[in-house]
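Remarks on the overall topology
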Amino acid sequence: MPEFLSISLSEQPPQTAQALVFYADESGPLGPVGGAIWARTGLDFARIAKATGFSGRPGHMIDIAAPAGLDCERLVVLGRGEDGQAQTEAAWADRGGSLFAKLDGARIRDAAVILDEPGIAPRQVAALAAGATLRSYRFDKYIKRGNGRVHDRLSLTIAAGAPKDIGAELDQALAVATGTILARDLVNEPANLLGPEEMAQVAQGLSEIGVSVEVLTEKEMQKLGMGALLAVGRGSVRPPRLVVMQWNGGKKQQDPVAFVGKGIVFDTGGISIKGAASMENMKGDMAGAAAIIGVMQALASRKAKVNAIGILALAENMPDGNAFRPGDIITAMSGETIEIISTDAEGRLVLADALWYCRERFKPQAMVDIATLTGAILVALGNDYAGVFTNTDSLAAGLQQAGLATGEKVWHLPIGHAYDKLIESRFADIKNQGGRNGGASIAAQFLSHFVGDVPWAHVDIAGTGFGVPSSETNSSWGTGFGVALFDRFVRDNYEG
Ligand code: BES
Ligand code: MN
Ligand code: ZN
């Protein structure tokens, strides 16, 4: 899947690599192999560090061409970061991302990186490889000018001792990175080429790796009474779909853990139409559903020992003669009636039916939804944290931990009965919009009406799913946020 990077493992650094790479701090190489390689050059490390301003901080680099005593063309020394700096997988993934960027920037196409510092764990080596893979991702398939942009591939050999120990961890980490890349591809894809049906087809492709996939059509949703999801899709010529994916890698008697994604392939706001400014970003309003496809792919390809459900609520929110309108009263599958105040508060409507359906059909031990749900979460948390809301605090804690490990961080925000008065309707059981203040909590409180007593959490990724500043592991518009988070959440809480 990753096009611009291939990774292999070896016990010893290959003698033929174009570039040899190792990590150092201000006093020199961190491991014995790096030390021995440096010794062969006969160079004075302290003097070179001083001359190049190398202090061992992340991003610092010494790049020596045609080093005496070595067969390689380049010897690259990278700053490893201050002592005691985070040893989380997220920190190692950042190192890997930075590594790819440095080598790619130096036009190196074949490199061996030596990771022999004492105490380095296989999981950390795997995280570095995943980080490099994520950084290598580009979405440029529609750039045809000048025969397209031609990029060369980087072959990276990781020399970190016994490859047997590391191989299994590497496979798992790359399965997750590949899932993130699939999600990025979907988020980056424009809405004219990716409608509900096309997204459902991508999900169906996962049947090749053992995921069972069902696609519910409009008719079937009508029979089930999904009045909320169907209302949102009515203005589009491309009908909505509900996708159900199942990965059964766990014990028969294990209740599943379920993930539900908002998949609005384009959100114009509908009759409550959005302003023109930046509306093109609303092609990313299916980032939640994309993350669910990505995580199901990751779980299946690493054969996770878990029973997992992935549900996608797919629709397009368009203004039209047949569209739903403000003032309409619709009936959700749960039987609750909803007064529409804004047709732009559509995400909570499609999720209301998807969550209720999930709970009724699967009785999951836990249910987590992910959605680009509110502009308010951007105001509250910016681009660095997603918001998490829950009826069961331990789920928020689990997601928070998974977030720290993977770098896909979440922050726990409140829901509760206090918010219900803001969505009381004069005409129906509930209305779909409260005030402007506290908008992310109001939306989450709305969702809580459709989960019954299932332990549930909601992750609002309107600030993290797309359009974030570039980072060490991502320079793409669509981030794939949620894939690594949910994979890790499963791995630490529901497997085995
Ligand atoms: N998809 C939007 C939320 C969004 C905004 C995602 C910006 C990503 C970036 C959602 O459907 C929406 O329109 N929400 C409204 C809700 C309001 C009408 C209650 C919002 O946040 O303004
Ligand atoms: Mn909207
Ligand atoms: Zn939306």
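Sequence order as written defines the numbering, with residues in each chain counted from 1. Chain letters start at A and ligand numbers start at 1, both assigned in the order the entries are written. In keeping with the predicted nature of the model, local features appear solely for residues at pLDDT of at least 70, side-chain atom pairs appear and are counted solely at 80 or more, and the whole-chain, interface and lining totals rest on all residues. For the side-chain quantities, the full set of heavy atoms in the structure was used; hydrogens and water were omitted.

**Quick notes on the nonpolar core**
How we decide: Here, nonpolar core refers to any group of buried Ala, Val, Leu, Ile, Met, Phe, Trp, Tyr and Cys residues whose side-chain atoms link them within 4.5 Å. Burial classes follow relative accessibility: with a 1.4 Å probe on protein chains only, a residue under 20% of its type's maximum area counts as buried, one over 50% as exposed, and anything between as partly exposed. Residues count as neighbours in contact if any of their non-hydrogen atoms are within 4.5 Å of one another.
Ranked by internal contacts, the top residues of the largest apolar core, which has 61 residues, are M199, M245, I293, L312, L399, V459 and F486. Once residues lying within four places of it in the same chain are set aside, the contact partners of L312 are A203, R241, L242, V243, M245, G261, A289, I292 and I293. L216, A228, A354 and I430 belong to the second-largest nonpolar core, a separate cluster that totals 46 residues.

**Concerning the coordination of the zinc ion (ligand 3)**
Condition: Coordination partners: N, O, S within 2.8 Å of the metal, 3.2 Å for Na, K and Ca; water not considered, so apparent gaps in a site are possible. A four-donor site is called tetrahedral if each angle lies between 85 and 135 degrees; a four-donor site is square planar, and a six-donor site octahedral, when trans pairs exceed 155 degrees and the remaining angles lie between 65 and 115; all other cases are labelled irregular. In this text, helices come from DSSP runs of H or I with a minimum length of four residues, and strands from runs of E with a minimum of two, each type numbered from the N-terminal end.
Listed as protein donors to the zinc ion (ligand 3) are K262 (NZ), D267 (OD), D285 (OD) and E346 (OE); their distances from the metal cover 2.0 to 2.4 Å. Geometry at the zinc ion (ligand 3) is octahedral, judged from the 6 donor atoms that bind it and their angles of 78 to 172° at the metal. Counting along the primary sequence, the residues that act as donors to the zinc ion (ligand 3) give the motif K-x4-D-x17-D-x60-E. Between the zinc ion (ligand 3) and the manganese ion (ligand 2), the interatomic distance is 3.2 Å, and D267 donates to each metal, bridging them. Of this pair, D267 sits in strand β10 (residues 257-267) while E346 sits in the loop between β13 (337-339) and α10 (347-362); the two residues are 79 residues apart in sequence, bridging distant segments of the chain. Like D267, the residue E346 is buried in the burial classification.

**Considering the site of ligand 1**
Heads up, the condition is: Throughout this document, a residue counts as near a molecule or strand when at least one of its heavy atoms sits within 4 Å of that molecule or strand. The term polar contact refers here to a pair of N or O atoms within 3.5 Å; inside protein, the definition further demands a hydrogen-donor-capable atom paired with an acceptor-capable atom, and it admits residues adjacent in sequence only when both atoms are side-chain atoms. All accessible-area figures derive from a Shrake-Rupley calculation using a 1.4 Å probe, and residue coverage is judged against the displayed protein chains alone. Residue type decides the class: Asp, Glu, Lys and Arg count as charged, Ala, Val, Leu, Ile, Met, Phe, Trp, Tyr, Cys and Pro as nonpolar, and the leftover types, Gly among them, as polar.
Neighbouring ligand 1 are 17 residues; K274, D285, D344, E346 and G375 lie closest to it. Between ligand 1 and K274, the relevant distance is 2.8 Å, taken from an oxygen atom to a side-chain nitrogen or oxygen of the residue. Interatomic distance of 3.4 Å between a backbone N/O atom of T372 and a nitrogen atom of ligand 1. Expressed as a share of its isolated accessible area of 520 Å², the protein-covered part of ligand 1 is 80%. Tallied by class, the residues present in the shell around ligand 1 amount to 5 nonpolar, 5 polar and 7 charged.

**Some thoughts on the coordination of the manganese ion (ligand 2)**
Only D267 (OD), D344 (O), D344 (OD) and E346 (OE) from the protein coordinate the manganese ion (ligand 2), and they sit 2.0 to 2.2 Å from it. Viewed at the metal, the 6 donor atoms of the manganese ion (ligand 2) are separated by angles of 71 to 168°, and the geometry they form is irregular.

**Considering the pairing of strand β5 (residues 74-79)**
The test is simple: Whether two strands pair depends on DSSP finding at least two bridges between them.
The buried count for β5 comes to 6 of 6 residues, which makes it a mostly enclosed element. Side chains of β5 alternate between two faces, with R74, V76 and L78 and L75, V77 and G79 buried alike. Pairing analysis gives 6 bridges linking strand β2 (residues 19-25) to β5, with the strands arranged parallel. Of the residues in β5, the one forming a bridge with F22 is V77. One ladder, built from 5 bridges, connects strand β4 (residues 61-65) with β5; its direction is antiparallel. Directly across from I62, in β5, lies its bridge partner V77.

**A few points about the pattern of salt bridges**
Filter applied, for reference: Each salt bridge in this description consists of a side-chain nitrogen of Lys or Arg and a carboxyl oxygen of Asp or Glu lying within 4 Å of one another.
For the coordinates displayed, the defined rule picks out 22 salt bridges. Across the pair R123 and E169 runs a salt bridge whose closest N-O atoms are separated by 3.9 Å. Pair noted here: R123 is in helix α4 (residues 122-135) and E169 is in helix α5 (residues 163-188), with a separation of 46 residues, a long-range link. Where salt bridges share partners, they join E89, R123, E169, R488, R491 and D492 into one cluster.

**Points about the sheet that holds strand β14 (residues 366-371)**
Keep this limit in mind: Angles run from 0 to 180 degrees between N-to-C directions of axes, and those axes are lines fitted to C-alpha atoms, restricted for helices to the stretch in contact.
Taking strand neighbours across the sheet as the criterion, the 8 strands line up as β8-β9-β11-β10-β14-β18-β15-β16 in an open arrangement whose pairing is mixed. Strands with a single pairing partner mark the edges of an open sheet, and in this sheet they are β8 (212-216) and β16 (410-412). Neighbour to neighbour, the strand axes of the sheet diverge by 20° on average, direction disregarded. Strand direction decides the pairing type here: strand β9 (residues 241-248) and strand β11 (residues 307-317), joined by 8 bridges, are antiparallel. Paired with V243 across the bridge in β11 is L312. Of the strands in this sheet, β8, β9, β10, β11, β14 and β18 (456-460) touch α10, which is tilted by about 155° from β10. Sheet contacts for helix α12 (residues 393-406): β14, β15 (386-390), β16 and β18; angle to β16, the most-contacted strand, approximately 155°.

**Quick word on the packing of α4 against α5**
Stated precisely, the cut-off is as follows: An angle below 35 degrees is treated as roughly parallel, one above 145 as roughly antiparallel, one from 65 to 115 as roughly perpendicular, and anything else as oblique. A crossing counts as left-handed when the near helix is turned anticlockwise from the far one by less than a right angle, and as right-handed when that turn is clockwise.
The geometry of α4 relative to α5 is characterised by a closest axis approach of 8 Å and an angle of 30° between their N-to-C directions. The angle between α4 and α5 falls in the class roughly parallel. Considering only the axes of α4 and α5, their crossing is right-handed. Of the residues in α5, those in contact with P122, R123, V125, A126, A129, A130, T133 and L134 of α4 are D165, I166, E169, L170, A173, L174, A177, T180, I181 and R184. Grouping the amino acids of the contact of α4 with α5 by side-chain chemistry returns 12 nonpolar, 2 polar and 4 charged.

**Section: the environment of D492**
Tracing the backbone shows D492 in helix α14 (residues 483-493). Through-space distance from the C-alpha of D492 to that of P239 is 38 Å; in sequence the pair is 253 residues apart. Among the polar contacts made by the side chain of D492, one reaches the side chain of R488 at a distance of 2.9 Å.

**Some remarks on the packing of aromatic side chains**
The condition that has to hold: Two aromatic rings, drawn from Phe, Tyr or Trp (for Trp, its six-membered ring), form a pair once their centres lie within 6.5 Å of each other, and the interplanar angle then sorts them: stacked below 30 degrees, edge-to-face above 60, tilted otherwise. Only when the NZ atom of a Lys or the CZ atom of an Arg is both within 6 Å of the ring centre and within 35 degrees of the ring normal do we say a charge sits over the ring.
Applying the stated criterion to the full structure yields 9 aromatic pairs. Measuring from centroid to centroid gives 5.9 Å for F139 and Y142, while their planes differ by 70°, and the two rings are edge-to-face. Residue F139 is classed as partly exposed on the basis of its relative accessible area of 25%. What makes Y142 partly exposed here is its relative accessible area of 40%. Judged by centre distance (4.7 Å) and plane angle (20°), the ring pair of F466 and W477 falls under stacked. With a gap of 11 residues between them, F466 in the loop between β18 and α14 and W477 in the loop between β18 and α14 connect regions that are remote in the sequence. Residue class for W477 comes out partly exposed when judged on its relative accessible area of 26%. An aromatic cluster of three or more residues is present, and its members are F22, W38, F45 and F54. When the ring centre of F4 is taken as origin, the NZ or CZ atom of R138, which lies over that ring, is 4.7 Å away.

The quantities given are spatial measurements derived from coordinates; they are silent on function.
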